[in-house]
Amino acid sequence: MTGDHYFTAQPASDAPAREVEFSVADRDYRLVSAGGVFSASRLDPGTAVLLRKADLPAADTTGDLLDLGCGFGPIACVLADVAPASTVWAVDVNARARDLTTANAARIGAGDRVRVSAPDDVPADLTFAELWSNPPIRIGKDELHELLLRWLPRLAPDGVGWLVVARHLGGDSLQRWLTDQGWQVERHASQKGFRVLRVTRQSDTRRSSSGTP
């Protein structure tokens with residue numbers, strides 16, 4: 001492929017700034033975005049479903065949360081806003097996306113609690129209480145599977161992952177694949193053609209009954 005995509009590491013296209021407004025959990029957000037990042041002109045419909053239907057962290061949630069594929073930072077900013085005692089790691093391969101997320105975290109007063117990072121710069125020993133992602137389906141199935149196999153194992157033993165995937169882009173097949181990889185996967189919600197998946201480690205009881213060591 002040629003040209004910039006939201007998974008381009010260093011977008012070269014022009015990036016006129018624009019503002020994106022949305023509301024989550026009765027809170028209003030006005031974030032800055034630009035071309036060359038995922039869903040640059042609006043809150044992506046899948047992200048909107050994820051933030052509306054998944055269980056947002058409680059206000060007293062502590063520990064490290066992960067926004068995987070942060071784009072301009074809407075998920076990271078919401079997580080940092082609703083869980084002010086936590087640290088949110090916002091990870092993206094796209095340098096422009098990381099710059100926008102840094103700016104938006106500062107906009108909402110959470111610049112000291114949102115750690116914006118390239119994937120390879122996240123400390124290797126860090127584990128996450130929660131992982132949130134509208135994963136980059138368009139990078140291809142093999143690359144998507146590799147991405148999830150890299151990051152889901154970094155959930156804490158009692159951690160939870162929240163994913164949103166369009167049904168017509170393979171939401172149901174991804175659920176089956178994750179289950180085959182040994183994860184416990186619940187279709188938590190469906191709305192507007194999107195699946196919200198809740199991913200956790202299989203319990204010891206379920207492992208034993210399935211014969212998984």
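Scroll up to find the structure.
Counting restarts for each chain: residues are numbered from 1 in the order of the written sequence. For this predicted model, a pLDDT threshold of at least 70 governs which residues receive local features, and a threshold of 80 or more governs which side-chain atom pairs are given and counted, while totals over whole chains, interfaces and linings are taken from all residues. Side-chain metrics rest on all non-hydrogen atoms present in the structure, leaving aside hydrogens and water.

1. Brief notes about the pairing of strand 8 (residues 183-191)
- By the convention used here, strands pair only if DSSP detects at least 2 bridges between them. A run of DSSP states H or I qualifies as a helix once it reaches four residues; a run of E qualifies as a strand once it reaches two. Both are numbered from the N-terminal end. Summarising the sheet, strand 8 and strand 9 (residues 194-201) pair through eight bridges and their orientation is antiparallel. Pairing of Q184 across the sheet is with T200, part of strand 9.
- Once strand 8 ends, the chain turns through two residues before running back antiparallel as strand 9, passing K192 with a positive phi of about 55°.

2. Some points on the nonpolar core
- Throughout this description, the term nonpolar core refers to a set of buried Ala, Val, Leu, Ile, Met, Phe, Trp, Tyr and Cys residues connected via side-chain atoms within 4.5 Å. Exposure categories follow from relative accessible area, calculated using a 1.4 Å probe and restricted to protein chains: below 20% of the type maximum is buried, above 50% is exposed, and the middle band is partly exposed. F22, L50, V114, W132 and V196 are the most contacted members of the largest nonpolar core, which totals 41 residues.
- Taken together, the elements giving at least two residues each to this core come down to strand 1 (18-24), strand 2 (27-33), helix 1 (45-53), helix 2 (74-82), strand 4 (86-91), helix 3 (95-107), strand 7 (155-166) and strand 9.
- The element contributing the most residues to this core is helix 2, with seven residues.
- In this analysis, two residues are considered to be in contact whenever any of their non-hydrogen atoms come within 4.5 Å of each other. Sequence-distant contacts of V196, defined by excluding residues within four places in its chain, comprise V49, L50, K53, A54, W162, L163, V164, E186, R187, H188 and A189.
- Membership of the second largest hydrophobic core comes to 24 residues, among which are V122, L126, L152 and L174.

3. Details of the layout of surface pockets
- The space that makes up the second largest pocket amounts to roughly 230 Å³.
- Lining of the second largest pocket is provided by 15 residues; of these, F38, D44, N134, I137 and L169 occupy positions nearest its centre.
- No other element matches the three residues that strand 7 contributes to the lining of the second largest pocket.
- Under this grouping Gly is polar, as are all residues other than the nonpolar Ala, Val, Leu, Ile, Met, Phe, Trp, Tyr, Cys and Pro and the charged Asp, Glu, Lys and Arg. The residue makeup of the lining of the second largest pocket, split by class, is 10 nonpolar, three polar and two charged. Using a grid of 1 Å spacing that covers the protein atoms alone, one calls a set of points a cavity when a 1.4 Å probe fits there but cannot get out, and a pocket when the set is open and has protein on both sides within 12 Å along at least five of seven lines; lining residues are those with an atom within 4 Å of a point. Grid points are joined across faces, edges and corners, and a volume is the space filled by probe spheres set on the points.

4. Details of the state of the cysteines
- Throughout, a disulfide means two cysteine sulfur atoms within 2.5 Å of one another. Under the counting rule described, the total for this entry stands at zero disulfides.
- Just so you know, C70 is unpaired, no disulfide at all, and the nearest cysteine sulfur is the one on C77, 9.2 Å from it.
- Overall, the relative accessible area of 1% leaves C77 in the buried class.

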